[in-house]
Amino acid sequence: MTQIITSRRNFIKASLTASGSLSLALALPGCQSLHTSSLQKNGNWEANAWLEITTDNRLIFTLDRVEMGQGTYTGLATLVAEELDTPPDLFEVIFAPADTQYRNRDYGLQLTGGSNSLSTSWQVLRETGALAKVMLLNAASEVFQAPLEQLAFDNKYVVHTESSKKISFGELASLASKQSIPSQIPLKNKADFKYIGKSSQRLDSNLKVTGKANYGIDTEIEGTRYAVVARAPAYGSSLKQHNGAALVGSNGVESVIEIQSGLAIIASSYWQARKAQQKLELEWSDSPNIANTVEEVFSLYRKAAKEDEGDSKRSEGDVDAAFKNPVKVVASEYTTPFLAHATMEPMNCTAHVQKDRVDIWTSTQAPDVAAVAVAKVTDVALSEVYIHNQFIGGGFGRRLSQDFVAEAAEISAKAGGIIKLVWSREEDTQHDLYRPATLHKISAALDINGRPTAWDHQIISPNIMDWYVWDASPAMFPWSPKFMYSTLGKVGLLTAGSPVTPADTSAYEGADDIPYAFPSIEVRHTKADAGIPVTYWRSVGHSHTAFAIESMISELAEQAGMDELQFRQELLADSPRTLGVLNKVAEIGKWGRNSDDNVFQGIAVHKSFGSYAAELVELKIENNEIKLLKVFCVIDCGLVVNPDIVRMQMESCIIFGATAALYGEITLKDGKVQQSNFHDYPIMRMNQTPEIEVFIMESEDAPTGVGEPGLPPLAPAIASALYKATNKRFKDMPFKLG
């Protein structure tokens, strides 16, 4: 048995609720967050995971991470179930409200992102189940007057094995809550796991198949009125004049009001509001502080690169000396475009602003940040904002930002009553907050054998935190008065990288910790912002750094006259887990196999979110189109809780990444986004999807991320294969044959 030792005071608070149910809350030193009343010396705050056992024998697990398809609903419940020796499907899962006790300890905010739900919950949720087990067994021992060795668990019952008598958890709840708290709590060894590591059915499958799962867009409350918003065509423009007043009173239109982001139309049905929007005549101001075209964006980036070498993020050896007298220098530029999130469920929110309370029904990745967004646009105190979170029909980072929640709250505050705001697909595409466009400039100095002696990598891009900090900082300090929100945003920018505000690594993550053994390394970030709103996008910085790095590695392998797999293997000798997934994918994908049907292979490897992923692709050019045939994926994500969910996430990452590599691109004209729907911002369709084979490495390490690591290696693997097919290096995404 594994045992965790901690003080009684820090370990648990156990109380008997008014209904007589047993309520458990862990408060372990290893699960701190910045936002509870218990500030630790290191600046972090304790976070809590909750389990409730009711007198009518219900097991209620409060999920403090959102479910947006990535499997937290099942995965996190399984951790508690394992230690409680109870099948996961006997638990009821509810979504946590916005509350400081549910903060993500890695971020100091109650948000789901960065593929860390499992890794941050691995210890504390198992201990939640283990503690409940100990307390229930001790209570049952009193009831049966029997030693613990004669007791066993069976589907929410404790059984006395000698007499076959049993008693339910619910019947034991009151007595269990009064048990003394042990100083040592046993955790199972891996060999004893019943549910962890097994491919059990997802707990949310039945809800989704039967239509019982409620998404934000499903919210329907009696008395609801519906709203749509006409927003500025270019970011930063303001509304000068409109004919909204002429629409009021006809065809169900109740009112037309100006809000911060544009003009809201409120009607008795969504369709009436949408039809009325088509009759609007609007005049907008110019937006002088935004790039007019994507070409202007990259011109800005190149100018910034010349004027500012950037902040050093990794510096080893003597790069300058290596570049003074090299045998050869290879230099390349790589670009990635702005990308939309294109979630299946478009942005939506239902808001009810009252005098002293606000209720919000939505699908958000960050409930506490959503509450701040509401407080900003209403007169209600932050403590009286209640977020009722729902299932999420796709997040990918988009629902970390709360513009859609703020809009609904502002409309409700001004128009009164319950307002349901729904964005159209076109609005969702043209008013997204995008994955930043990036420019990578990489140079390598080579020796006489073509081996790199120095690696110099300059990344030019905006900082995501510059955009996100204005809502995030107030959420980190929920006791602050509203007049300080703007100040807190500025403080957040000024203190980035300190214990107060984590460093914004979104531009260069994956580049500052490359595993390749170069004698000299220099990685720099030059900040350049074209005024296009940006936010987090699936795999964040890794989505572009992996493409640039691995593509450059393929180029350098050719310069050395080596097979690119062999070249990587040589440089990864000191990185066993990276090398392990690379070798495995080469094995299962039969790297280098001869093909008589013009099928070409590409390969890449990358570490992100604590996990190691390698991918090998096979493709062909057919009718002047890129046809992706097969993707082999190997993932090392530590100990696996549910192999099926891991495979699902790798498949999802591959399809998402292939979409970006082959089709994804947001372009601008006069500062306006040109794409609007799936006809001009296409998503990979079923008939375009490659065959996918996923291999999961065995590991004894604690779990790491799976929601994003399968994405970064895909684009460079495709680019590698395309070079073999066309003899052309593809250095700009998306990949176009010409």
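Further up the page is the structure itself.
A brief report on the enclosed structure follows.

Scoring rules and cut-offs
- Residues numbered from 1 in each chain as written.
- Predicted model: local features only at pLDDT ≥ 70, side-chain atom pairs only at ≥ 80, totals over all residues.
- Heavy atoms only, no water.
- Axes fitted to C-alpha atoms, helices over the stretch in contact; angles between N-to-C directions.
- Helix = DSSP H or I, 4+ residues; strand = E, 2+ residues; numbered from the N terminus.
- Parallel < 35°, antiparallel > 145°, perpendicular 65-115°, else oblique.
- Contact = heavy atoms within 4.5 Å.
- Nonpolar A, V, L, I, M, F, W, Y, C, P; charged D, E, K, R; others polar.
- Expected span 1.5 Å × (residues − 1).
- Buried < 20%, exposed > 50% of the residue type's maximum accessible area, 1.4 Å probe, protein only.
- Pairing = 2+ DSSP bridges.
- Patch = residues over 30% accessible without salt bridge, like charges linked within 9 Å, V, L, I, M, F, W, Y side chains within 5 Å.
- Areas by Shrake-Rupley, 256 points an atom, 1.4 Å probe, with all protein chains shown as cover.
- Salt bridge = Lys/Arg side-chain N within 4 Å of Asp/Glu carboxyl O.
- Lys, Arg positive; Asp, Glu negative; His and termini not counted.
- Charge placed at Lys NZ, Arg CZ, Asp CG, Glu CD.
- Disulfide = S-S within 2.5 Å.

**Points about the packing of helix H14 (residues 542–559) against helix H15 (residues 564–571)**
Between H14 and H15, the shortest axis-to-axis distance is 9 Å and the interhelical angle comes to 105 degrees. The angle between H14 and H15 places the two elements in the roughly perpendicular class. Across the interface between the two elements, Glu550, Ile553, Ser554, Leu556 and Ala557 from H14 touch Glu564, Phe567 and Arg568 from H15. For the contact of H14 with H15, the residue count by class is 4 nonpolar, 1 polar and 3 charged.

**Some details on helix H18 (residues 714–726)**
Counted at 1.5 Å a residue, the expected span for H18 with its 13 residues is 18 Å, and the 18 Å between its end C-alpha atoms agrees. Most of H18 sits out of view: 10 of its 13 residues are buried.

**Structural notes on the sheet that holds strand E19 (residues 358–362)**
Strand order in the open sheet formed by 7 strands is E13-E14-E11-E21-E18-E19-E20, with mixed pairing between adjacent strands. Strands at the two margins of the open sheet, each flanked by one partner only, are strand E13 (253–259) and strand E20 (385–389). The mean inter-strand angle of the sheet, taken between neighbouring strand axes irrespective of direction, is 25 degrees. Inspection of the sheet shows E19 paired to E20 by 5 bridges, in the parallel sense. Paired with Thr362 across the two strands is Asn389, which belongs to E20. Running at roughly 135 degrees to E20, helix H9 (residues 367–377) makes contact with E19 and E20 of the sheet. Set on the sheet, helix H10 (residues 403–415) makes contact with strand E11 (225–231), E13, strand E14 (262–267), strand E18 (348–353), E19 and strand E21 (418–422); between it and E18 the angle comes to about 35 degrees.

**Description of a negative patch on the surface**
On the surface, Asp308, Glu309, Asp311, Asp318 and Asp320 cluster together into a negatively charged patch. Here Asp311 shows up in strand E16 (residues 311–316). Looking at Asp311, the relative accessible area reads 51%, which means it is exposed.

**Details of the pattern of salt bridges**
Across all of its chains, the model carries 47 salt bridges by this definition. Put simply, Lys414 and Glu410 hold a salt bridge, and the shortest N to O gap is 2.9 Å. Taken together, the residues span about one helical turn, with Lys414 and Glu410 both in helix H10 at a distance of 4 residues. A relative accessible area of 6% places Glu410 in the buried class. In this structure, Arg524 and Asp456 form a salt bridge, with 2.6 Å as the shortest nitrogen-oxygen distance.

**Things to note about the state of the cysteines**
In total, this model carries 0 disulfides according to the counting rule given. Here Cys637 stays unpaired: no disulfide links it, and the sulfur of Cys633, its closest cysteine neighbor, is 9.6 Å away. Residue Cys637 is classed as buried on the basis of its relative accessible area of 3%.

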